[in-house]
Amino acid sequence: MSGTSTRPAEKSGTFKLGGDLPVHRLGYGAMQLTGPGIWGPPKDRAEAVRVLRRALELGVDFIDTADSYGPYVSEEIIAEALHPYAKGVVVATKAGLVRTGPNEWHPVGAPKYLRQQLEMSLRRLKLERIDLYQLHRIDPKVPVEESLGELKALQKEGKIRHIGLSEVSVEEIQRARKVVDIVSVQNRYNLTDRVHEKVLDYCEKENLGFIPWFPLATGGLAKPGSTLDSVAKQHDATPAQIALSWLLARSPVMLPIPGTSSVKHLEENLAGAEVKLTKDELAAVDAQASGR
């Protein structure tokens, strides 16, 4: 891509989480700053540190992580790389999934556990307050009112600024909002996986941030000669950059957080914020992805 700026993430626009916490809409997801299976330390910790610092140089001010990434590894590297944090940098983290091995995840929403994890995240991230603390999963064994009630108590204590949810339905969001103010939802969403279309529409209507994880998946859409491939060539861009541009155009509450452990890949991803697709291109890519 030619004519790229030095801070491309700023071209993604701004969204105010909770109406009072502005972030650039294109952020960075820190899950891949760990070992294989999201378990243990990364192969190249120095590169992980460089990725985070480079992300800020490129205009990113919203970084998403979780206590279970590693576990704990991602949070520790974020603090190593970025503390003391520059003004305006928002670090969001999550609790509610326990790791017992590579690729193993178990929801735990017990109030005492969530309080313990919040305190530990504060310590690892070297923060006095988490700007966005997300319930990573609703625990089927614990009423969500109990889990969120504890987060609400921590919010009143000044340890949490805003509360978000992850992998939830519209009905679960509505139930949660009866307990506490919810400012964001993090669900899997990309060009080829739009199971949560109704959730996105609800978030847009209610002005809740929608944080799509696994945002750059293009599946077989990018095969040579495809619509996505031709649109990418028209913009001298990669299919992933087109997918990111499509996401940003899809909704003003969309906050993609593409992740990587490589500075080169990071730079390529963030340049996607500068690709502006026409209405016809957006419609063509959408039609291909929908199989229309």
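Rules of the game
Residues numbered from 1 in each chain as written. Predicted model: local features only at pLDDT ≥ 70, side-chain atom pairs only at ≥ 80, totals over all residues. Heavy atoms only, no water. Helix = DSSP H or I, 4+ residues; strand = E, 2+ residues; numbered from the N terminus. Rg over C-alpha atoms; globule rule 2.2 N^0.38 Å. Buried < 20%, exposed > 50% of the residue type's maximum accessible area, 1.4 Å probe, protein only. Areas by Shrake-Rupley, 256 points an atom, 1.4 Å probe, with all protein chains shown as cover. Lys, Arg positive; Asp, Glu negative; His and termini not counted. Charge placed at Lys NZ, Arg CZ, Asp CG, Glu CD. Expected span 1.5 Å × (residues − 1). Arc of directions from axis to C-beta. Contact = heavy atoms within 4.5 Å. Pairing = 2+ DSSP bridges. Salt bridge = Lys/Arg side-chain N within 4 Å of Asp/Glu carboxyl O. Axes fitted to C-alpha atoms, helices over the stretch in contact; angles between N-to-C directions. Nonpolar A, V, L, I, M, F, W, Y, C, P; charged D, E, K, R; others polar.

Caption draft 1: Seen up close, the overall build of the protein. Regarding its fold elements, the protein presents 10 helices and 11 strands. In summary, the protein has a C-alpha radius of gyration of 18 Å against a globular reference of 19 Å for 292 residues, a match within 12%. C-alpha extents for the protein along the principal axes are approximately 55 × 40 × 35 Å. Burial status across the protein gives 54% buried among its 292 residues. For the protein, the accessible area works out to roughly 12600 Å², and carbon and sulfur atoms hold 51% of it. Taking the average place of the 38 positive charges on the side chains of the protein and the average place of its 37 negative ones, the gap between the two points comes to 1 Å.

Caption draft 2: Quick peek at helix α4 (residues 144-156). In a regular helix each residue adds 1.5 Å, so 13 residues correspond to 18 Å; α4 covers 18 Å between its end C-alpha atoms and thus fits that length. Within α4 the residues assigned to the buried category are Val144, Ser147, Leu148, Glu150, Leu151 and Leu154. For α4, the angular spread of the buried residues around the axis is 150°, confining them to a single face. Each element contacted by the buried residues of α4 is listed here: α3 (111-125), β8 (130-135), β9 (160-166) and α5 (170-177).

Caption draft 3: Layout of unusual backbone geometry. Cis geometry marks the peptide bond from Gly70 to Pro71; its omega dihedral reads -10°. With respect to the secondary-structure elements, Pro71 resides in the loop between β4 (62-64) and α2 (73-82). Backbone torsion omega between His83 and Pro84 reads 0°, so that peptide bond is classified as cis. Examined against the element boundaries, Pro84 turns out to sit in the loop between α2 and β5 (90-95).

Caption draft 4: Molecular detail of the sheet that holds strand β11 (residues 209-210). Ordered in space as β3-β4-β5-β8-β9-β10-β11, the seven strands form an open sheet in which the pairing is parallel. Looking at strand neighbours, the two that pair on one side only are β3 (28-29) and β11, the edges of this open sheet. One ladder, built from five bridges, connects β8 with β9; its direction is parallel. Among the inter-strand pairings, Leu132 is bridged to a residue of β9, identified as His162.

Caption draft 5: Main features of the pattern of salt bridges. Applying the stated rule across the entire model yields 24 salt bridges. Residue Asp64 is joined to Lys94 by a salt bridge in which the shortest nitrogen-to-oxygen separation is 2.6 Å. A residue pair is termed long-range when its members are at least 10 positions apart, and Asp64 in strand β4 and Lys94 in strand β5 qualify at 30 residues. Among the residues examined, Asp64 registers a relative accessible area of 1% and is labelled buried. Each of the salt bridges in this network shares a partner with another, and the network as a whole consists of Arg115, Glu119, Glu150, Glu157 and Lys159.

Caption draft 6: Representation of the packing of α2 against α3 in the model. Direction vectors running N to C along α2 and α3 enclose 35°, while the axes themselves pass 8 Å from each other. Contact with α2, carried on its side by Glu75, Glu76, Ile78 and Ala79, involves Ser121, Arg124 and Leu125 of α3 and no other residues of that element. Partitioning the contact of α2 with α3 into residue classes produces three nonpolar, one polar and three charged.

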